[in-house]
Structures are given as structure tokens and as C-alpha cells.
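Chain residues, written in single-letter form:
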Amino acid sequence: MSEYQMIIDGQKVDTDAHFPVLNPATEEVIAQCPRATEQDLNRAVDAARAAFPAWSARPDAERAEMVHAIGAALEAHAGELAGLLVREQGKPLGGFAGLGAQFELGGTVAWCHATADLELPVEVIQDNDEARIEVHRKPLGVVGSITPWNYPLLIAIWHTMPALRSGNTVVIKPSEFTPLTTLRAAEIINDILPPGVFNIVTGDGSLGAAMTNHPGINKIVFTGSTPTGKKIMQGASGNLKRLTLELGGNDAAIVLPDVDVAAVAPKIFATALINNGQTCAALKRLYVHEDIYDELCQALADIAGSVKTGPGDGEVDFGPVQNKPQFDKVCAIAEEARASGARILTGGQPLPGPGYFFPVTIVADIDENTRLVREEPFGPILPVLKYTDVEDALRRANDSPNGLGGSVWSGDLDRAAALASRLECGTAWVNNHAMIQPDAPFGGVKESGFGVEFGRYGLEEYTSIQTLQISKA
Ligand code: NDP
């Protein structure tokens, strides 16, 4: 029997079959996790459907209060949850620039409270002698959430709190690589909510596929890779599920020659290496003007040389890559960059095991057609590319199937903003990157997905519009 159990209709549920969960810093098995069958999924969906009428009919203020209560309860368990994150995800407790597990917990709590405070008021389009026309936002039904392994808890909260807040019920499936923190959080959440409102099932990608195809689920919210996002879109067609797809990014940043290199280098480093580079909206391609290219490369290499990678329970800046397939991908991308003749300024080779450790790697003078530039490495490796003409830099930045984020760095804010608005992406930053907050919509264009999360725009994604037209004449 697993020490971790699924929760269906408010009850803890174990399964006959289990799968192991590893600590990526040691490669040791730290837990056995329930492997749900299709029957388990059916029960979870049935429970969510049964709970929907009462949950959606509750006064709005009560639902807001419960989402606040979830934020408070998760905060009360922050130490325990952050420790679990370190063990299963690998990130350090504090980490570089304080962006480790404690940061994820802080974000989790903040997002709960901010989401609780959101409102979707009735909009009056017309009110005269002829008619009153109102636009109402109604919940969709059962929301299926499929989450990845980079921010297991924070993304689970991003998906599910707006779903609950707007009156939907939930079935969540965390990544098989990082299910434990979400399972524990689901227990805490279920202490607050009525049975069946928040259900959790665990398994591998085939369970995610079964959710996608399930006729009892009305919407899928997914964060993960573009290929899986495409499969989900196909599977969702059966009952025309609503979708929010937050897929990978290969974000470009353009640095103009007027920047203060010493001032921007630490900020660029932090936004590229956040969560060991395993962040959808991290800075992943750095285009630098030739006048400051060598100076910025050197400044980034100096920072990279000063940071420490190691097990997340120690005093380190960065932990391991989260899982073996991802580690192998990072190693292969680095090797291909080296073989292409690029200049490896720091790192470049995996660290001795056990554990999936790869040092921070800064790569200069790299060909645009290498995997490191064309694909998101989703690991601690950053290519720095040179440009002469900013129009050429913009063209190269936009020459990507992805379009999650992008940034321009300059002392001239107006010029930078004008250039940033020409980046083909869902969020464009000036003198920053990867900065998100609960009241600003966040989402991708092109193959980075569609739909947005956060704020009122994000909340609306969990609803459909009902127009109420009252004739008076
Ligand atoms: P996936 O997109 O495959 O996994 C994300 C989630 O989708 C997991 O819960 C996974 O389950 C689930 N899943 C897998 N297959 C299916 C399916 N057919 N139908 C429904 N759900 C499914 O990402 P990977 O873990 O394979 O990572 C690969 C790449 O994805 C990374 O290199 C990175 O580029 C990108 N990525 C992007 C993230 C982001 O934040 N946008 C986050 C993570 C990865 P399970 O893990 O249990 O198989």
C-alpha cells in the first residue's frame, strides 16, 4: 500500500498497481504512488459531476471564502510541502535569487488569495424601454487539469483555483514524475471543500489521454509540451471540450547596445536560469548587440562560474534536472552545440552522479540552426547570439514556431517598448523576463498554445457566456 493516496469523492483511495517516484538528486525511490485505472478515473469524474450542481449554486462569496481558506491552509503546511517539493522535484529550498521551493509555496499561497478576490460581475449591455440585456458567466462543469513536473504545486493551483472560484468541480492529474506534493495538497484542500469538488488521480500519460477523451469532462487545462498539447486537442474534440493550452516556449530576448552590462547581466541570468531553466517562460535565446557581446558573455560566464549546483537539501543555487528523459535531452543538446563548433563558456558536461546534475552552461558563437537555438532545452543551458542590426535580431527572434514570451533590454524605455510590441508572443517584457503576477493575463501564441491564465481574463476561461435578453416592449 502507498503512503500517498488519491482522493475521489472526498475519500482516500489506493490502487492495486503503483509506480515509483524518484528523488532526482539521488535517483532513489522515495515513494510508491497509486496507478489509477480507467474505472478510478470514471469514479472521479462521476464524483465531480455529482458535486457540480451544489457547488456551482453556492453563493459566490462562499466559494471565494473557501479559496481563501485553501490559501491559508496551504500556507500553514508550507514547510512540509516545500520539503516534499525538494525531494520529488529537486529544486533547492531557497535557491538562486530565492527562487526555489519556498518561492513556489509563496506563489501558491499568493495565487490562491488573488484568485479568491477575483469577480465576474454581470455585464449590462442594454437597459432601456425596449429590453434589458445582460451577459452572465456560467461555470462549464467538470474541469480536468493535467500538470507538468517543473512547478508541480504552483501550476496545480493556477489550474484549479480559478476553476473552483468560478463554480466548476475538478479532476486533477499531476505528472507521474512529481505527484507527491499535489497529492498532499489535495488532502489539505479536501479538508476544506465538500466531497467530490476536488478529485485527484495519479498515473502516467495514458491517464491524461483518458481524461482528454472522457465525455464527462467539460474542459481541459494543460501545461506541458507542444506535442502533448496537440494530442490533447485531438482527444478533446469528442465532446468539444474547452481548452486552455499553456505549452512550451523558446523565448527570445534582445539586448540593445545602450544597456549597462554590469546591471543587466544578473537579471538576465536569473530570468534564464529560473528553476534551473525548467520554466516555460524563461529566457531561452539571448540576442546581444555586437558592441557589448563579449562584455555580456563574460559577465554571464562570471555569474555562472560563481553558482553551485547540487542536491536541493544542501546550500546550493540549483538542483538537478528533474527527470532522466529531460536530463538526457539537455546532455544531447549540449553535446550537439559543442560538436557544432560553438564556444562553451562554462559547464557543458554532466556532473558525476548519482543524480541528474548538469552545471549552468553558457554557450557563445553558436549557429542559429542548432537544437539549442531551435528547441527549448528546458534545462540550465543558455545560447548567446550576436546581432548587428536590430531588425535582423527581431526577425531571428520571431523565427520560431513558439510564441510564449519575449523581451527587449535597453535604457530607452520607449524604443524598447516599441520593439517589444513587435515580438510575436503572448507576453513581451522590457528590461525583464519571466515575470508573472496573478492579475496580469499570461498565455502563448503560435504553437505555445492558446487561452490565458490569471486575472479576470484567466477566470473567464473557466466559464461560458449566457446572454439573458429580457424584452420589455
Ligand atoms: P508532457 O507534455 O508530455 O507532460 C506534461 C503532462 O502531460 C504530464 O502530466 C504528462 O503525464 C501528461 N501527458 C503525457 N502524455 C499525455 C497525453 N497523451 N494526453 C494527456 N496528457 C498527457 O511533457 P514532458 O514531461 O514529456 O516534457 C517534455 C518537454 O515538454 C520538456 O522538454 C519541455 O520542453 C516541455 N515542458 C513544458 C512545460 C511548461 O511549463 N510549458 C512543463 C514541462 C515540460 P506524465 O508525466 O504522467 O506522463
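Only a predicted model underlies this, so the values are computations on that prediction, with no experimental measurement involved.

1. Brief notes about the UniProt feature "domain: Aldehyde dehydrogenase" (unreviewed entry) in the protein chain
Part 1: Mapped onto this structure's residue numbering, the UniProt feature "domain: Aldehyde dehydrogenase" (unreviewed entry) falls at residues 17-467.
Part 2: Secondary structure across residues 17-467 divides into 40% helix and 22% strand, with the first and last C-alpha atoms of the span separated by 48 Å.

2. Here's the deal with the pairing of strand β3 (residues 18-23)
Regular strands place side chains that alternate from one sheet face to the opposite one.
Part 1: Covered by surrounding structure in β3 are Phe19, Val21 and Asn23 only, the residues His18, Pro20 and Leu22 on the alternate face being uncovered.
Part 2: Where β3 meets strand β4 (residues 28-34), 6 bridges bridge the pair, whose relative direction is antiparallel. Its bridge partner being in β4, histidine 18 is matched across the sheet by proline 34.
Part 3: With antiparallel pairing between neighbouring strands as the criterion, β3 and β4 make up a hairpin whose turn holds 4 residues, including glutamate 27 at a positive phi of roughly 65°.

3. Considerations on the packing of aromatic side chains
Part 1: Within the structure shown, the criterion is met by 9 aromatic pairs.
Part 2: Residues tryptophan 158 and phenylalanine 454 carry aromatic rings whose centres are separated by 4.8 Å and whose planes lie at 70° to one another, so their mutual orientation is edge-to-face. Placement of the pair is tryptophan 158 in helix α5 (residues 152-165) and phenylalanine 454 in the loop between β21 (452-453) and α15 (455-460), with a sequence separation of 296 residues. Taken as a pair, tryptophan 158 and phenylalanine 454 share a single burial class, namely buried.

4. Description of the pattern of salt bridges
Part 1: Under the counting rule described, the total for this entry stands at 27 salt bridges.
Part 2: Residue arginine 343 is joined to aspartate 365 by a salt bridge in which the shortest nitrogen-to-oxygen separation is 2.7 Å. With arginine 343 in strand β14 (residues 343-346) and aspartate 365 in the loop between β15 (361-364) and α12 (371-374), this residue pair connects regions lying 22 residues apart in the sequence.
Part 3: Of the residues examined, arginine 343 reaches a relative accessible area of 37% and is grouped as partly exposed.
Part 4: Looking at aspartate 365, the relative accessible area reads 38%, which means it is partly exposed.
Part 5: In this structure, the salt-bridge partner of arginine 374 is aspartate 399, at a minimum N-O distance of 3.6 Å.

5. Let's talk about the UniProt feature "active site" (unreviewed entry) in the protein chain
Part 1: Following the UniProt record, the feature "active site" (unreviewed entry) maps to Glu246 here.
Part 2: Note that glutamate 246 resides in strand β11 (residues 242-246).

6. Details of the sheet that holds strand β22 (residues 463-471)
Part 1: With antiparallel pairing, the 3 strands of this open sheet are ordered in space as β5-β6-β22. Across the chains shown, the open sheet's two edge strands, defined by having one partner strand only, are β5 (123-127) and β22. Sheet twist, expressed as the mean angle between neighbouring strand axes with direction ignored, is 20°.
Part 2: Pairing of β5 with strand β6 (residues 131-139) involves 4 bridges; the strand directions are antiparallel. Paired with aspartate 127 across the strands is arginine 132, a residue of β6.

7. Structural notes on helix α1 (residues 38-57)
Part 1: Its 20 residues place the ends of α1 29 Å apart at the C-alpha level, agreeing with the 28 Å of an ideal helix rising 1.5 Å per residue.
Part 2: For α1, the principal kink sits at alanine 51 and spans about 40°; a proline, proline 53, occurs within the next four residues.
Part 3: Asp40, Leu41, Ala44, Val45, Ala47, Ala48, Ala51 and Trp55 are the residues of α1 that are buried.

8. Description of the layout of surface pockets
Empty space among the atoms becomes apparent when a probe as large as a water molecule is rolled across them.
Part 1: Put simply, the largest pocket is a space of about 980 Å³.
Part 2: Lining the largest pocket are 40 residues, and of these Phe222, Gly224, Ser225, Thr226 and Thr228 lie nearest its centre.
Part 3: Elements with a minimum of two residues in the lining of the largest pocket: α7 (205-213), β10 (219-223), α8 (226-235) and α11 (324-339).
Part 4: Here the second largest pocket defines a volume of roughly 390 Å³.
Part 5: Lining the second largest pocket are 21 residues, with Phe103, Ile274, Ala434, Met435 and Ile436 sitting closest to its centre.
Part 6: When residues of the lining of the second largest pocket are traced back to their parent elements, those giving at least two are α4 (101-116), α5 and α9 (261-273).
Part 7: At 5 residues, the largest contribution of residues to the lining of the second largest pocket is made by α4.
Part 8: Among the residues making up the lining of the second largest pocket, the classes are represented as 15 nonpolar, 6 polar and no charged.

Cut-off values and rules
- Residues numbered from 1 in each chain as written.
- Predicted model: local features only at pLDDT ≥ 70, side-chain atom pairs only at ≥ 80, totals over all residues.
- Heavy atoms only, no water.
- UniProt positions renumbered as here; feature names shortened; annotations may be inferred.
- Helix = DSSP H or I, 4+ residues; strand = E, 2+ residues; numbered from the N terminus.
- Buried < 20%, exposed > 50% of the residue type's maximum accessible area, 1.4 Å probe, protein only.
- Pairing = 2+ DSSP bridges.
- Phe/Tyr/Trp six-rings, centres within 6.5 Å; stacked < 30°, edge-to-face > 60°.
- Salt bridge = Lys/Arg side-chain N within 4 Å of Asp/Glu carboxyl O.
- Axes fitted to C-alpha atoms, helices over the stretch in contact; angles between N-to-C directions.
- Expected span 1.5 Å × (residues − 1).
- Bend = angle between axes of the 7 residues up to and from the residue.
- 1 Å grid on protein atoms, 1.4 Å probe; cavity = no way out; pocket = protein on both sides within 12 Å on 5 of 7 lines; lining within 4 Å.
- Points joined across faces, edges and corners; volume = space filled by probe spheres on them.
- Nonpolar A, V, L, I, M, F, W, Y, C, P; charged D, E, K, R; others polar.

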